Amino acid sequence: DTGVSQDPRHKITKRGQNVTFRCDPISEHNRLYWYRQTLGQGPEFLTYFQNEAQLEKSRLLSDRFSAERPKGSFSTLEIQRTEQGDSAMYLCASSLDLAGGHEQFFGPGTRLTVL
Amino acid sequence: AQSVTQPDIHITVSEGASLELRCNYSYGATPYLFWYVQSPGQGLQLLLKYFSGDTLVQGIKGFEAEFKRSQSSFNLRKPSVHWSDAAEYFCAVGSHSGNTPLVFGKGTRLSVIA
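Cut-offs applied
- Residues numbered from 1 in each chain as written.
- Chains lettered and ligands numbered in written order.
- Predicted model: local features only at pLDDT ≥ 70, side-chain atom pairs only at ≥ 80, totals over all residues.
- Heavy atoms only, no water.
- Helix = DSSP H or I, 4+ residues; strand = E, 2+ residues; numbered from the N terminus.
- Contact = heavy atoms within 4.5 Å.
- Areas by Shrake-Rupley, 256 points an atom, 1.4 Å probe, with all protein chains shown as cover.
- Buried < 20%, exposed > 50% of the residue type's maximum accessible area, 1.4 Å probe, protein only.
- Pairing = 2+ DSSP bridges.
- Axes fitted to C-alpha atoms, helices over the stretch in contact; angles between N-to-C directions.

Considerations on the overall build of chain A
(1) Moving on: A tally of regular secondary structure across chain A gives zero helices and eleven strands.
(2) Moving on: Beginning at the N terminus, the succession of helices and strands in chain A can be written as β-β-β-β-β-β-β-β-β-β-β.
(3) Moving on: Judged by the C-alpha coordinates and their principal axes, chain A covers about 45 × 25 × 25 Å.
(4) Moving on: By sequence separation, contacts in chain A at least 24 residues apart represent 53% of the contacts at least 6 residues apart.
(5) Moving on: For chain A, the exposed surface amounts to about 5900 Å²; the carbon and sulfur share of it is 45%.

Now the structure itself:
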């Protein structure tokens, strides 16, 4: 399968614990995005990378959140000291940086439940 | 600021009936528009996109959408709905200048009845 993969698919944690999610993009894609989706809402942008450089972070990304993309391949999203409000689906997408049009391919998401 | 409005939270149609899902966007320049579909527990799958050219775009699974600049709309249509089309549909807008984060609407949930 050459699509975007995410691990784990589901994560249940207790409030105050740290969690880390992984995203493996399509291999030739140089752009990688993280979105968060809560119930009844569309995905909301968190952050994105071009290769290993983090280009933008949204206001949704509090100090407890950190994302990395070492070597421009896979990416990790870490949430420290989780809160119940962090419960959501975390979606990863990747795209190829091309002029004249692009498409973001999404992974299946990681569903986080904070108890 | 970019925004997308999907006025219908939930739509129910009979199998075989036609479908139109509404999408209005706010964007300061030429938009890059998408429709994605999400089945329960799944990621988003691209149905179609508009970048430039013909304002009527064809997508997968028999869907089409029409870009109307004067109405800031990009409505999704299908002439005959199948039960397997039941899902959540999201309209999104991006920058025409290149790869940027997408701004999504809140989605429209489609139910299909026999």
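Comments concerning the pairing of strand β4 (residues 31–37) of chain A
All names here are of chain A.
(1) Moving on: Extensive coverage of β4 is indicated by the burial of seven of its seven residues.
(2) Moving on: Neither face of β4 is exposed, since Arg31, Tyr33, Tyr35 and Gln37 on one face and Leu32, Trp34 and Arg36 on the opposite face are all buried.
(3) Moving on: As consecutive antiparallel partners, β4 and strand β5 (residues 44–50) are separated by six residues, and within that stretch Gly40 has a phi angle of approximately 80°, a positive value.
(4) Moving on: Pairing between β4 and strand β9 (residues 88–95): seven bridges, direction antiparallel. Following the sheet pairing, Tyr35 is matched in β9 by Leu91.

Brief notes about the sheet that holds strand β7 (residues 65–68) of chain A
All names here are of chain A.
(1) Moving on: Pairing is antiparallel across the open sheet formed by four strands, whose spatial order is β1-β3-β8-β7. Among the strands making up the open sheet, the edge pair consists of β1 (5–7) and β7. Between one strand and the next, the sheet's axes are offset by a mean angle of 15°, whatever the strand orientation.

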